[in-house]
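Here are the chains, one letter per residue:
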Amino acid sequence: MSRAEEPPHRHFFPFGNPFRTKSHKGAQLSPRLASLLNKFEETLTARLSKLTPQNKEDVLSFSWMELAMKSLCESHNDIKTLITDLELPVSEWEEKWIDFYLDISVKLLDICVAFSSQLSRFSQGKLLLQCLLHNLESESDPAKQFFKARASLVSWRHHGLKNPRIENCFPILESLVETLDLPKVKNSAKGKVLIRAMFGVKVATIFVFRVFASAFSGSGNKLSDLTVPDIFPWAQVFSVLQSTVYGEMKNKFSSEKSTVLKELDEVNETVKKLDPIIQDGVDPNPMEAEKFRSLVTDLGSGVEKLSQGLDRLSKDVDGFFKIVLTSRDSLLCNLRADGNMDFSMLGNTKEGQAVK
């Protein structure tokens, strides 16, 4: 079946659930391990619940996107803490677990690079808006003022926000979805806890990254649901979160706005209102002059909010990149120190694989 023909709902574990906490054939969880897993999943549930917006207008605001990235950072850090608490050194990891982790991590790094690239484009556009604002606030000759403003407006309109790197994120995300069933764990209770915890964090990461990629691409065509089995205590909360966010995103996409990002859309709307004034000049009527000054003030506030949001979100994406990269490097260093791992056995994941 081709990608376009796949159903929108992705059901995991077609051959059974590899995460059962009790099994006659495999390892069972001790009270201590069960407690560690329960604590991890309770924390994940709380984070997913916090991400569910109370006000649908907050979906795809920079504040919500920052919260989403911080949530992922905390969850990925929790995985590192869990590995320590499990007392599960890399020397005890099965090769398929290592292959699983290294493959996921390099894909997450690639997506982070694409997101940083897009945020950089937004920042370049913000500079054009600041130039437009400067020209509009200038007290020079009105003819020169609006001539320069028109030039800035043309530059803003021609500034391309579409980024081919974002389109490349979607096949990467699909490949991550396809690995949600793997790897299965048979004889390691600690391994079961780790893989089950990693599954939860992976689902949350795919969801957030799919939301970001769709928002940055300007299309909701790739917003397919992830259906999580009810055996996971966070499944219902995740379902509500996904339904709420996807529903609001699809409403925004259907409105045919130039962008679904809240702060950027607000700036665009103000620029549209200013456009006829910039083209024709300010009407000498006092009411029209006041309207112009009010719009310029609104644009200044909007550009400031956009600037602050971009800066914070860029830092959060960079922070997530560093967490994943540090964890990956730590794993590779431990493998080298162990000396018993044959890197040629690590599937298609190559040690030292370059990240752009």
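Residues numbered from 1 in each chain as written. Predicted model: local features only at pLDDT ≥ 70, side-chain atom pairs only at ≥ 80, totals over all residues. Heavy atoms only, no water.

(A) Inspection of the overall build of the protein at higher detail. In terms of regular secondary structure, the protein is built from 10 helices and 2 strands. Counting from the amino terminus, the protein carries its helices and strands in the arrangement β-α-α-α-α-α-α-α-β-α-α-α. Looking at the protein as a whole, 49% of its 356 residues are labelled buried. Long-range pairs, those at least 24 residues apart, make up 82% of the contacts in the protein between residues at least 6 apart in sequence. Counting only carbon and sulfur atoms, one obtains 52% of the accessible surface of the protein, whose full area is about 17,700 Å². (Helix = DSSP H or I, 4+ residues; strand = E, 2+ residues; numbered from the N terminus. Buried < 20%, exposed > 50% of the residue type's maximum accessible area, 1.4 Å probe, protein only. Contact = heavy atoms within 4.5 Å. Areas by Shrake-Rupley, 256 points an atom, 1.4 Å probe, with all protein chains shown as cover.)

(B) Broad picture of the confidence of the model for the protein. Averaged over the protein, the pLDDT score is 83; the fraction of residues at 70 or greater is 85%. Of all secondary-structure elements in the protein, the lowest mean pLDDT belongs to strand β1 (residues 9-11), at 47, while helix α1 (residues 31-51) reaches the highest, 96. Low pLDDT, under 50, characterises residues 1-26; the predicted model gives this stretch 55 contacts beyond four residues in sequence or across chains. Segment residues 341-356 is flagged for pLDDT under 50; beyond a separation of four residues in sequence, or across chains, it makes 31 contacts in the model. (pLDDT = per-residue confidence, 0-100.)

(C) View of the packing of aromatic side chains. Per the counting criterion, the structure on display carries 13 aromatic pairs. Aromatic pair Phe 115 and Phe 212: ring centres 5.7 Å apart, planes at 40 degrees, arrangement tilted. Residue Phe 115 is located in helix α3 (residues 95-137), and its partner Phe 212 is located in helix α7 (residues 189-217); the two are separated by 97 residues in the primary sequence. With a centroid separation of 5.5 Å and 80 degrees between ring planes, the pair formed by Phe 115 and Phe 216 is classed as edge-to-face. Taken together, the positions of Phe 115 in helix α3 and Phe 216 in helix α7 put the pair 101 residues apart, joining distant regions of the chain. (Phe/Tyr/Trp six-rings, centres within 6.5 Å; stacked < 30°, edge-to-face > 60°.)

(D) The arrangement of the packing of α1 against helix α8 (residues 235-254) in detail. Packing of α1 against α8 leaves a shortest axis separation of 9 Å and a crossing angle of 20 degrees. What the angle tells us is that α1 and α8 run roughly parallel. The crossing of α1 and α8 is left-handed. Note on element contacts: α8 touches α1 through Val 237, Phe 238 and Leu 241, opposite Thr 45, Leu 48, Ser 49 and Leu 51. (Axes fitted to C-alpha atoms, helices over the stretch in contact; angles between N-to-C directions. Parallel < 35°, antiparallel > 145°, perpendicular 65-115°, else oblique. Left-handed = near helix turned anticlockwise from the far one by under 90°.)

(E) Spatial organisation of helix α2 (residues 62-85). Its 24 residues give α2 an end-to-end C-alpha distance of 34 Å, which sits within 8% of 34 Å, the value for a rise of 1.5 Å per residue. Backbone geometry just after α2 places Glu 87 at a positive phi near 55 degrees. (Expected span 1.5 Å × (residues − 1).)

(F) Region of the structure containing the side chain of Ser 105. Considering the arrangement of structural elements, one finds Ser 105 in helix α3. With a relative accessible area of 1%, Ser 105 lands in the buried category. Ignoring any residue separated from it by four or fewer positions in sequence, one finds Ser 105 in contact with Val 324 and Arg 328.

(G) Fine view of the packing of α3 against helix α6 (residues 169-178). Their axes nearest at 10 Å, the elements α3 and α6 cross at an angle of 155 degrees. As judged from the angle between their axes, α3 and α6 are roughly antiparallel. Where α3 crosses over α6, the two elements pack in a sense that is left-handed. From α3, Ile 104, Lys 107, Leu 108, Asp 110, Ile 111, Ala 114 and Phe 115 reach across to α6, where they touch Cys 169, Ile 172, Leu 173, Ser 175 and Leu 176.

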